[in-house]
Amino acid sequence: MTGRRSDAERNYRRILTVAEAEIAELGAAASIERVARTAGLGSATVRRHFPTRQALLEAVFAERAQALQARAAELTGESDSRAALLAWLRDFTDYAVSARGFADVLAYEPPAEVGRETEGAADGAASSCGTTLEAALAPLLARAQREGAARPEASCHDLVTAVAGIALATEHHRDPAAQAARLLDLFVSGLSPRG
């Protein structure tokens, strides 16, 4: 955040710290007003940095999305394209299940437009978690498809949506991680080509 005054930078960091704790407790239902109150700031100050709850959620999870992006880059060098794709999907699922609110961020995000230039996009989609994850996943999925290890009609958005759905569906399960892993395995069985 270059050019931001030091007090504004402190407020920004304070808001993110408080929001992360609130979202861990309440999930995506955490309100901007409660974050502001807990941070000791006015809601107008919070809204100046994050005009919507979606913008606040995106900011809280941006670093995690970047970590998953780095993990995808690590996996692109693996010799088995199917194993690399599945390893990333499992890592993504594990994180989506463990981080309350993350799946909510992804569940309502529209797919990135095919061929769209996202760098500097006016609507902020370039920095969204879903766009980051789809871009990270694209080389893994494309390689698996080229090698016949994934169905050709599967899209990155399909996979991100499926993982978000699994995380949302298992959020209140007795053992969400185990149930999510089981559902991902079932999903993957449908993802792989027959034979």
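- The name recorded for the protein in an unreviewed UniProt entry is TetR/AcrR family transcriptional regulator, from Streptomyces odorifer.

## Regarding the overall build of the protein
Okay, step 1: Across its full length, the protein holds nine helices and zero strands.
Okay, step 2: Reading the secondary structure of the protein in the N-to-C direction produces α-α-α-α-α-α-α-α-α.
Okay, step 3: Summarising the internal contacts of the protein: among those between residues at least 6 apart in sequence, 64% fall at separations of at least 24.
Okay, step 4: Of the roughly 10,500 Å² of accessible surface on the protein, a fraction of 51% belongs to carbon and sulfur atoms.

## Concerning the pattern of salt bridges
Okay, step 1: Enumeration according to the criterion identifies eleven salt bridges in this entry.
Okay, step 2: In this structure, Glu-22 and Arg-34 form a salt bridge, with 2.4 Å as the shortest nitrogen-oxygen distance. Placement of Glu-22 in helix α1 (residues 6-26) and of Arg-34 in helix α2 (residues 32-39) is noted, with a sequence separation of twelve residues between them.
Okay, step 3: Among the residues examined, Arg-34 registers a relative accessible area of 28% and is labelled partly exposed.
Okay, step 4: Among the salt bridges present, the one from Arg-47 reaches Glu-33, with a minimum N-O distance of 2.6 Å. Linking Arg-47 in helix α3 (residues 43-49) with Glu-33 in helix α2, this pair joins segments that are 14 residues apart in sequence.

## Section: the packing of helix α5 (residues 81-98) against helix α7 (residues 129-146)
Okay, step 1: At a closest axis distance of 8 Å, the pairing of α5 and α7 adopts a crossing angle of 155°. With respect to α7, the axis of α5 lies roughly antiparallel. Our pair here, α5 against α7, has a crossing hand that is left-handed. Listed contacts from α7 to Ser-81, Ala-84, Leu-85, Trp-88 and Phe-92 of α5 are Leu-133, Leu-137, Leu-140, Leu-141, Arg-143 and Ala-144.
Okay, step 2: Classifying every residue of the contact of α5 with α7 by side-chain character gives nine nonpolar, one polar and one charged.

## A word on the packing of aromatic side chains
Okay, step 1: This structure, assessed with the given rule, holds five aromatic pairs.
Okay, step 2: Their ring planes at 25° and their centres at 5.3 Å tell us that Tyr-12 and Phe-50 sit as a pair that is stacked. In this pair, Tyr-12 sits in helix α1 while Phe-50 sits in the loop between α3 and α4 (53-75), placing the two residues 38 residues apart along the sequence.
Okay, step 3: Residue classification places Phe-50 among the buried residues on the basis of a relative accessible area of 4%.
Okay, step 4: Between the aromatic rings of Tyr-95 and Phe-102, the centroid separation amounts to 4.8 Å while the plane-to-plane angle is 70°, which identifies the pairing as edge-to-face.
Okay, step 5: Members of the aromatic cluster, connected to one another through ring pairs, are Phe-61, Trp-88, Phe-92, Tyr-95 and Phe-102.

Calculation criteria
- Residues numbered from 1 in each chain as written.
- Predicted model: local features only at pLDDT ≥ 70, side-chain atom pairs only at ≥ 80, totals over all residues.
- Heavy atoms only, no water.
- Helix = DSSP H or I, 4+ residues; strand = E, 2+ residues; numbered from the N terminus.
- Contact = heavy atoms within 4.5 Å.
- Areas by Shrake-Rupley, 256 points an atom, 1.4 Å probe, with all protein chains shown as cover.
- Salt bridge = Lys/Arg side-chain N within 4 Å of Asp/Glu carboxyl O.
- Buried < 20%, exposed > 50% of the residue type's maximum accessible area, 1.4 Å probe, protein only.
- Axes fitted to C-alpha atoms, helices over the stretch in contact; angles between N-to-C directions.
- Parallel < 35°, antiparallel > 145°, perpendicular 65-115°, else oblique.
- Left-handed = near helix turned anticlockwise from the far one by under 90°.
- Nonpolar A, V, L, I, M, F, W, Y, C, P; charged D, E, K, R; others polar.
- Phe/Tyr/Trp six-rings, centres within 6.5 Å; stacked < 30°, edge-to-face > 60°.

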